[in-house]
Amino acid sequence: MNNDANSLENRIKKAKEGQSIEEAKAPKPFGKIMKVVVEIVAAMAVGLGIGLLIDNYFNTRPIFTLIFFLFGSAAGILNVFRVAKSLQNN
Amino acid sequence: MAADNPIDPIHQFEISKIADIQLGGIDISFTNSSLFMVFALAATMALFVIGLSKKSIIPNRMQMLSELSYNFIANMLRDQVGDQGRAYFPFIFSLFMFIFFCNFIGLIPYTFTVTSHLIVTFAFAGLIFIAVTIIGFLKNGLGYLRIFYPSGIPIFLAPLIVPIEIISYLSKPISLSVRLCANMLAGHSILKIFAGFTVMLGFLGFAPLVFLVVLYALETLIAALQAYIFTILTCIYLNDALHPDH
């Protein structure tokens, strides 16, 4: 009886250890895609925000908005490259 | 519209005040969101207080669970940050357990998901961002600014590269918070919508019900995965601050 419970617990422990390690090493595809999309959108939003702030301050709309939106897009691509690299290393 | 329709997938995200508290014109009421944060905290504490109350060599289930989670985060921090990261372990560990339990408590019917509100996740991400920036400047001095100008870049490209790197740096807290919030919000809405289908279809509702069970399993995975991703990205940002050259 006691022996049975021990072996069951050991098996659960082993199964759990295996799970957590697998999850840690390889995020599921859905998570990966979500990660990449959010990176692009966030960088674009920050670029757009900075551009709008500068334009509102100096009254130069839409010059800086355009420039910083392009910078933001570039930063988004850069972020995606970094995420892809870190995923590959893992 | 929401009033006359009993099936409203957005209703679960509504904030309601439990105790109205005003302090100097600022609304600091105790809401259902605060209540479920307290629940998450209580669950974390219960896991460790009960799990570690009987320190046996052959662990029981609760003890094993608490030890496994401790080892999991400790290994993650060591892999990502190295030995220098040990000082930040309490923060990283509390962060993981709190988000983990917030996500999981939200999966129980009739509960509230704290992490489905952008302001909550953004408060976390913003705090982490500010803390990591301060740590970076404390550990590296003004040399920390080099992260905005990677070595090996010709000087005439600097006006292009530096703004891009700065925007990339500033986008970190936004992507961190939006990712967690969007996953929780979308997942819980979909669950509620399919639950609504099941009710509306009556006898034919078994078809969406089967799908709901599958979705629920996926949501359980996502709840754990998002807590993990949030924590590991915090570790990566911390590593960037401690070792900006790598």
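To be clear, the structure that these remarks concern was listed above.
This write-up is about the structure you can find in this document. (Residues numbered from 1 in each chain as written. Chains lettered and ligands numbered in written order. Predicted model: local features only at pLDDT ≥ 70, side-chain atom pairs only at ≥ 80, totals over all residues. Heavy atoms only, no water.)

1. Some points on the overall build of chain A
Helix and strand counts for chain A come out as three helices and zero strands. Each helix and strand of chain A, ordered N terminal to C terminal, gives the series α-α-α. Every one of the 90 residues in chain A was classed for burial, and the buried ones make up 26%. For chain A, contacts bridging at least 24 residues in sequence account for 52% of all contacts bridging at least 6. Of the roughly 6,200 Å² of accessible surface on chain A, a fraction of 66% belongs to carbon and sulfur atoms. (Helix = DSSP H or I, 4+ residues; strand = E, 2+ residues; numbered from the N terminus. Buried < 20%, exposed > 50% of the residue type's maximum accessible area, 1.4 Å probe, protein only. Contact = heavy atoms within 4.5 Å. Areas by Shrake-Rupley, 256 points an atom, 1.4 Å probe, with all protein chains shown as cover.)

2. Observations regarding the interface of chain A and chain B
With 27 residues of chain A at the contact, the number on the chain B side is 28 residues. For the chain A and chain B pair, buried surface summed over both sides reaches about 2,600 Å², with 72% attributable to carbon and sulfur atoms. Inspection of the region where chain A meets chain B yields two salt bridges. The shortest N-O distance in the salt bridge between Arg82 of chain A and Glu165 of chain B comes to 2.9 Å. Applying the counting rule to chain A against chain B returns four residue pairs in polar contact (both at pLDDT 80 or more). Residue assignment for the side of chain A that touches chain B shows that the elements contributing at least two residues are helix H1 (2-25), helix H2 (29-58) and helix H3 (63-89) of chain A. Tallying contributions element by element places H2 of chain A first for the side of chain A that touches chain B, with ten residues. (Buried area = accessible area lost by both parts, 1.4 Å probe. Salt bridge = Lys/Arg side-chain N within 4 Å of Asp/Glu carboxyl O. Polar contact = N/O pair within 3.5 Å; in protein donor to acceptor, adjacent residues only side chain to side chain.)

3. Structural notes on the nonpolar core
Counting 55 residues, the largest nonpolar core has Ile73, Tyr228 and Phe230 of chain B as the members making the most contacts within it. Broken down by secondary-structure element, the contributors of at least two residues to this core are helix H1 (32-51), helix H2 (61-80), helix H3 (89-105), helix H4 (118-140), helix H5 (158-200) and helix H6 (206-242) of chain B. Not counting residues within four places of it along the chain, the set of residues in contact with Ile73 of chain B comprises Phe89, Ile92, Phe93, Phe96 and Thr231 of chain B. Counting residues in each nonpolar core, the second largest holds seven residues, with Phe68 and Ala75 of chain A together with Ile164 and Ile167 of chain B among its members. (Core = buried A, V, L, I, M, F, W, Y, C linked by side-chain atoms within 4.5 Å.)

4. Details of H1 of chain B
All names here are of chain B. Between its first and last C-alpha atoms H1 spans 28 Å; for 20 residues at 1.5 Å apiece the expected length is 28 Å, and the two agree. Buried residues of H1: Asn32, Ser33, Ser34, Phe36, Ala40, Thr44, Leu47, Phe48 and Gly51, and no others. Its side-chain oxygen placed 3.2 Å from the backbone nitrogen of Ser33, Thr31 serves as the N-cap of H1. (Expected span 1.5 Å × (residues − 1).)

5. Structural notes on the pattern of salt bridges
All names here are of chain B. The full count for this structure, using the stated rule, is six salt bridges over all chains. The partner of Arg86 in a salt bridge is Asp83, with the nearest N and O atoms 3.2 Å apart. Here the two residues Arg86 and Asp83 agree in accessibility, since each one is exposed. One salt bridge connects Asp240 with Lys172, and the closest N-O pair in it is separated by 3.7 Å. Placement of the pair is Asp240 in helix H6 and Lys172 in helix H5, with a sequence separation of 68 residues. You can call Asp240 partly exposed: its relative accessible area is 27%.

6. Considering the packing of H4 of chain B against H6 of chain B
Residues and elements named next belong to chain B. Two elements in contact, H4 and H6, have axes whose closest approach is 8 Å; the angle formed by their N-to-C orientations is 20°. Regarding the angle of H4 to H6, the classification is roughly parallel. Note that H4 runs across H6; the crossing there is right-handed. When H4 is examined against H6, the residues Thr121, Phe124, Ala125, Ile128, Val132, Ile135, Gly136, Lys139 and Asn140 are found in contact with a partner set consisting of Phe230, Thr234, Tyr237, Leu238, Ala241 and Leu242. (Axes fitted to C-alpha atoms, helices over the stretch in contact; angles between N-to-C directions. Parallel < 35°, antiparallel > 145°, perpendicular 65-115°, else oblique. Left-handed = near helix turned anticlockwise from the far one by under 90°.)

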